Amino acid sequence: MFFCCIFTGLLYESNAQLTTTSGDFWSKVRFGGNLSLSFSNNRTSVVAAPSAIYQFNEKFSTGLGINFGYNNGLNFEDYIYGVSVISLYTPFRGLQLSVELEETGVTRTVETVVGDITDSYFYPSLFLGGGYQVGGVTIGVRYDLLYDEQKSIYASPFNPFFRVFF
């Protein structure tokens, strides 16, 4: 249902775009992003993700973002970078729902008895989220449907977030 609503909004707006000028496009672009902090089981995860979204109408927006972060645990340390595609839906005032696909590169160093082992890999995340929105600020929680405790950059599949768009 959610994806159908987004697709319908995209079709509606793409048809409307045929008759608008390029100046109208930039007036609907909003910049901002989110900050995600996660703490659990001796793990800490801090991720900053600036992004830009296109506001199709008062309910639908979608955009692209980049992310940078740092994680650590009892015997490991991660440096992360990546890209994401995000869609936001505001069904009514105060509630914002989100779907975000994120592809993240990870450089992980694990301390072992025989020395440090470094590994680099890419890890996908698919988040469904919801939050309370006031103006351009949203505070909420998102859930990673692809969470893997061994490879995920997040301490838990649940991630609280603070998102702002101007």
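Preceding this paragraph is the structure being described.
As the structure is a prediction and not an experimental result, all values here were calculated from the model.

Here we come to the pairing of strand E1 (residues 29-40). In terms of strand pairing, E1 meets strand E2 (residues 43-55) through twelve bridges, oriented antiparallel. Bridging across to E2, asparagine 34 finds its partner in alanine 49. Linking E1 back to E2 in an antiparallel pair, the connection comprises two residues, with asparagine 41 at a positive phi of about 45°. Summarising the sheet, E1 and strand E8 (residues 158-165) pair through five bridges and their orientation is antiparallel. Paired with leucine 35 across the bridge in E8 is phenylalanine 162.

Here we take up the side chain of glutamine 96. Position of glutamine 96 relative to the elements: it lies in strand E5 (residues 95-112). Here arginine 163 takes part through its side chain, which lies 2.8 Å from a polar atom of the side chain of glutamine 96. With residues up to four places along the chain from it excluded, the contact list for glutamine 96 reads Leu88, Tyr89, Thr90, Gly129, Gly130, Gly131, Gln133, Thr138 and Arg163.

Together, Leu35, Leu37, Phe39, Val46, Val137, Ile139 and Phe162 make up a nonpolar patch on the protein surface, roughly 600 Å² of accessible area in all. By residue number, the principal contributor to the nonpolar patch is E1, which donates three residues. By secondary structure assignment, the location of valine 46 is in strand E2. Given the relative accessible area of 33%, valine 46 is considered partly exposed.

Both the distance between ring centres and the angle between the ring planes are used here to describe each pair of aromatic rings. Summed over the entire model, instances satisfying the criterion amount to seven aromatic pairs. Ring geometry for tyrosine 81 against phenylalanine 122: centres 6.2 Å apart, planes inclined by 85°, an arrangement best described as edge-to-face. Of the two residues, tyrosine 81 sits in strand E4 (residues 76-92) while phenylalanine 122 sits in strand E6 (residues 115-134), which places them 41 residues apart along the sequence. A residue is classified by how much of its surface remains accessible, and tyrosine 81, at 43% relative accessible area, is partly exposed. Site record: aromatic cluster; members linked through ring pairs are Phe25, Trp26, Tyr54 and Phe56.

We now examine the sheet that holds strand E7 (residues 137-144). Read around the closed barrel, eight strands run E1-E2-E3-E4-E5-E6-E7-E8, paired in antiparallel fashion. When the angles between neighbouring strand axes are averaged without regard to direction, this sheet yields 25°. Taken together, the 18 bridges between E5 and E6 define a ladder with antiparallel strand orientation. Bridge pairing in E6 places threonine 109 opposite threonine 118.

Let us look at the nonpolar core. Formed by Val47, Ile80, Val106, Tyr121, Tyr123, Phe127, Ile153 and Tyr154, the largest nonpolar core amounts to eight residues. For this core, the element with the most residues is E6, which contributes three residues. Among all residues touching tyrosine 121, those that are not within four sequence positions of it are Thr104, Gly105, Val106, Arg108, Gln150 and Lys151. In terms of nonpolar packing, the next biggest core, distinct from the first, is built from five residues, Val29, Phe56, Phe60 and Tyr89 among them.

Rules used in this analysis
- Residues numbered from 1 in each chain as written.
- Predicted model: local features only at pLDDT ≥ 70, side-chain atom pairs only at ≥ 80, totals over all residues.
- Heavy atoms only, no water.
- Pairing = 2+ DSSP bridges.
- Helix = DSSP H or I, 4+ residues; strand = E, 2+ residues; numbered from the N terminus.
- Polar contact = N/O pair within 3.5 Å; in protein donor to acceptor, adjacent residues only side chain to side chain.
- Contact = heavy atoms within 4.5 Å.
- Patch = residues over 30% accessible without salt bridge, like charges linked within 9 Å, V, L, I, M, F, W, Y side chains within 5 Å.
- Areas by Shrake-Rupley, 256 points an atom, 1.4 Å probe, with all protein chains shown as cover.
- Salt bridge = Lys/Arg side-chain N within 4 Å of Asp/Glu carboxyl O.
- Buried < 20%, exposed > 50% of the residue type's maximum accessible area, 1.4 Å probe, protein only.
- Phe/Tyr/Trp six-rings, centres within 6.5 Å; stacked < 30°, edge-to-face > 60°.
- Axes fitted to C-alpha atoms, helices over the stretch in contact; angles between N-to-C directions.
- Core = buried A, V, L, I, M, F, W, Y, C linked by side-chain atoms within 4.5 Å.

So, to be careful, I would describe these as geometric facts and stop short of saying anything about function.
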